[in-house]
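Letter by letter, the chains look like this.
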Amino acid sequence: MGALQLSERRLLLLVGDLIAGTGGLLGATWAKGQWDDPGNAPVAMWAAVLAAIQIVVASATDAHDLGRSGNAFAGSYVGVRAWLVSFGLYLAVPYWSAPLLSSRYAVLQVVAVGLAATVMWRVAYATLARQPRQITRYAMLGGGSGADAIADAIAADLGPGHVVLGYVDVGVDHAGDAEALVAPGAGARPVPRLGGIEALPDLIASGDLATLVVVTGGALAPDLQRHMIAAYEAGIRVVPMPLLYEGVTGRVPVAHAAEFWATTLPGAGRDWDYRLASRARDIVIAMVGLAVTAVIVPFVAVAMRLHGPGPVFYRQRRLGQNGRPFTIWKLRSMVPDAEFGRAHV
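I will try to describe carefully the structure that is included in this document.

1. Side note on the sheet that holds strand β2 (residues 162–168)
The pairing of strands in a sheet happens through backbone hydrogen bonds and is either parallel or antiparallel.
1) Next: Strand order in this open sheet of 5 strands is β3-β2-β1-β4-β5, and the pairing throughout is parallel. Edge positions in the open sheet fall to β3 (193–195) and β5 (237–240), since each of these has one partner strand only. For this sheet, the mean inter-axis angle between neighbouring strands, taken without regard to orientation, is 30°.
2) Next: Here strand β1 (residues 136–141) runs beside strand β4 (residues 211–214); their pairing, made up of 4 bridges, is parallel. Following the sheet pairing, Met 140 is matched in β4 by Val 213.
3) Next: Contacts from helix α6 (residues 144–157) reach β1 and β2, with the element oriented near 165° to β1.
4) Next: Packed on one face of the sheet, helix α9 (residues 241–249) meets β1, β4 and β5 and runs near 95° to β5.

Next up, the structure:
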């Protein structure tokens, strides 16, 4: 498995925090035998209310900041802080929360278990983020102040699990040396020059690169476009600099946003919550469509049989997202074998 993307890392942190918090609550209340007490709200509701509060508090306190979470001590601190605030708010929820206020020992037990689980999870995450296979490596297409700005943001906000390899000089037609050459207006962290456009095939084939950041604006040379498509097909994320900068820092790079960013490949900049909501919408619409068409299909099938021979459904292999083949099924609207060149379709 390759290095996780930014949204996937934040989602992983969220899931781990939720398991630590709700696990501590459920474990402590189960040990006290409170699950079967009459008059209590359902146990699942206890966990759901706590999880909802944790999500809100984590967002408000920036508990999933990747830069701090990559450090075991800083990550544990923000995780514990979010847990204490969440649990304090949880105790103020009537009925739908676990009946803990009747016993100080129960409250302390949940707090202690949640603290221990959160610290262990945060230390484990920081250790995982530093593993070589989880280090995300970036390369820039174009140099100058744009490359320096995003490199500074990555180093400052994402922590040690993210490394900038350097920039590819798209204005040079021959591969240069690897010494650090920085364009005027360089930031505090000089971005090494990796070479010209000819350096891209080897960089893509190396397997080390996770994200290709498009810094250069305006029209792109055909060779550069081909290399960017090859990178995308190889599973490398290709994203414009302003989009990545906003995803890393939460701020729009006004100094660079005025330029024309020519290429935004599918999926760039889409966080997990957007993809989840979009996928849920697709599934709901598809289910409604299937329910409607299921009533119509039998009548259409009878009509097609009366009209002439041939199957009711048409099947064909096509290419989907990321070039993956899939089989499409649809009601046949042409004569059988029309794709093989028959005159009347």
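The structure having been displayed, the exposition proceeds.
2. Comments concerning the packing of aromatic side chains
1) Next: Counted according to the given criterion, the structure contains 3 aromatic pairs.
2) Next: Ring centres of Phe 87 and Tyr 90 lie 6.3 Å apart, and the angle between their planes is 25°; on these two criteria the pair is classed as stacked. One end of the pair, Phe 87, and the other, Tyr 90, are both in helix α4 (residues 72–91), 3 residues apart, so they sit about a helical turn from each other.
3) Next: Residue classification places Phe 87 among the buried residues on the basis of a relative accessible area of 3%.
4) Next: We classify Tyr 90 as buried; its relative accessible area is 0%.
5) Next: Summarising the aromatic geometry, the rings of Trp 121 and Tyr 125 are spaced 6.1 Å apart at their centres and angled 55° between planes, so their arrangement reads as tilted.

3. Some points on empty space enclosed by the protein
1) Next: Evaluated as defined, the whole model comprises 3 cavities of 30 Å³ or more.
2) Next: Within this model, the largest cavity holds a volume of roughly 90 Å³.
3) Next: Elements that contribute at least two residues to the lining of the largest cavity include exactly α1 (6–31), α2 (43–61) and α4.
4) Next: Of all the elements, α4 adds the most residues to the lining of the largest cavity, at 4 residues.
5) Next: Its volume calculated, the second largest cavity comes out at about 60 Å³.
6) Next: As for the second largest cavity, its lining consists of Arg 9, Leu 66, Gly 70, Tyr 125, Ala 129, Arg 130, Leu 158, Gly 159, Pro 160, Gly 161 and His 162.
7) Next: The class makeup of the residues in the lining of the second largest cavity is 5 nonpolar, 4 polar and 2 charged.

4. Points about the pattern of salt bridges
1) Next: For the coordinates displayed, the defined rule picks out 5 salt bridges.
2) Next: The residue Arg 68 makes a salt bridge to Asp 65 at a minimum N-O spacing of 3.6 Å.
3) Next: Residue Arg 68 is classed as partly exposed on the basis of its relative accessible area of 31%.
4) Next: Its relative accessible area of 21% is what places Asp 65 among the partly exposed residues.

5. Considering the environment of Ala 47
1) Next: Note that Ala 47 resides in helix α2.
2) Next: The class of Ala 47 is buried, set by a relative accessible area of 15%.
3) Next: Among all residues touching Ala 47, those that are not within four sequence positions of it are Thr 22, Leu 25 and Leu 26.

6. Notes on the nonpolar core
1) Next: By size, the foremost hydrophobic cluster in this structure holds 23 residues, and its most contacted members are Met 140 and Leu 244.
2) Next: Within the residue set of this core, elements represented by two or more residues are α1, α5 (104–129), β1, α6 and α9.
3) Next: At 5 residues, the largest contribution of residues to this core is made by α6.
4) Next: What Met 140 contacts, discounting residues up to four positions off in sequence, is Ala 147, Ile 150, Ala 151, Ile 154, Val 164, Gly 166, Tyr 167, Val 168, Val 213 and Val 215.
5) Next: Core analysis: the second largest hydrophobic core is formed by 21 residues, Val 57, Ala 82, Val 107 and Val 111 among them.

7. A few points about a nonpolar patch on the surface
1) Next: On the surface, Val 284, Val 288, Val 292, Val 295, Ile 296 and Phe 299 cluster together into a nonpolar patch covering about 600 Å² of accessible area.
2) Next: Along the chain, Ile 296 turns up in helix α11 (residues 272–307).
3) Next: Taking relative accessible area as the criterion, Ile 296 reaches 44% and is therefore assigned partly exposed.

8. A look at the packing of α2 against α4
The description of two helices packed together rests on the angle between their axes and the distance between the axes.
1) Next: Across the interface, α2 lies against α4 with an axial gap of 9 Å and an inter-helix angle of 130°. Considering their axes alone, α2 and α4 lie oblique with respect to each other. Crossing hand, α2 versus α4: right-handed. Counting all contacts with α2, which are made through Trp 46, Val 49, Leu 50, Ile 53, Gln 54, Val 57 and Thr 61, the residues of α4 involved are Arg 81, Ala 82, Trp 83, Val 85, Ser 86, Leu 89 and Tyr 90.
2) Next: Considering only residue class, the contact of α2 with α4 consists of 10 nonpolar, 3 polar and 1 charged.

Conventions we followed
Residues numbered from 1 in each chain as written. Predicted model: local features only at pLDDT ≥ 70, side-chain atom pairs only at ≥ 80, totals over all residues. Heavy atoms only, no water. Pairing = 2+ DSSP bridges. Helix = DSSP H or I, 4+ residues; strand = E, 2+ residues; numbered from the N terminus. Axes fitted to C-alpha atoms, helices over the stretch in contact; angles between N-to-C directions. Contact = heavy atoms within 4.5 Å. Phe/Tyr/Trp six-rings, centres within 6.5 Å; stacked < 30°, edge-to-face > 60°. Buried < 20%, exposed > 50% of the residue type's maximum accessible area, 1.4 Å probe, protein only. 1 Å grid on protein atoms, 1.4 Å probe; cavity = no way out; pocket = protein on both sides within 12 Å on 5 of 7 lines; lining within 4 Å. Points joined across faces, edges and corners; volume = space filled by probe spheres on them. Nonpolar A, V, L, I, M, F, W, Y, C, P; charged D, E, K, R; others polar. Salt bridge = Lys/Arg side-chain N within 4 Å of Asp/Glu carboxyl O. Core = buried A, V, L, I, M, F, W, Y, C linked by side-chain atoms within 4.5 Å. Patch = residues over 30% accessible without salt bridge, like charges linked within 9 Å, V, L, I, M, F, W, Y side chains within 5 Å. Areas by Shrake-Rupley, 256 points an atom, 1.4 Å probe, with all protein chains shown as cover. Parallel < 35°, antiparallel > 145°, perpendicular 65-115°, else oblique. Left-handed = near helix turned anticlockwise from the far one by under 90°.

On their own, these measurements won't tell you what the molecule is for.
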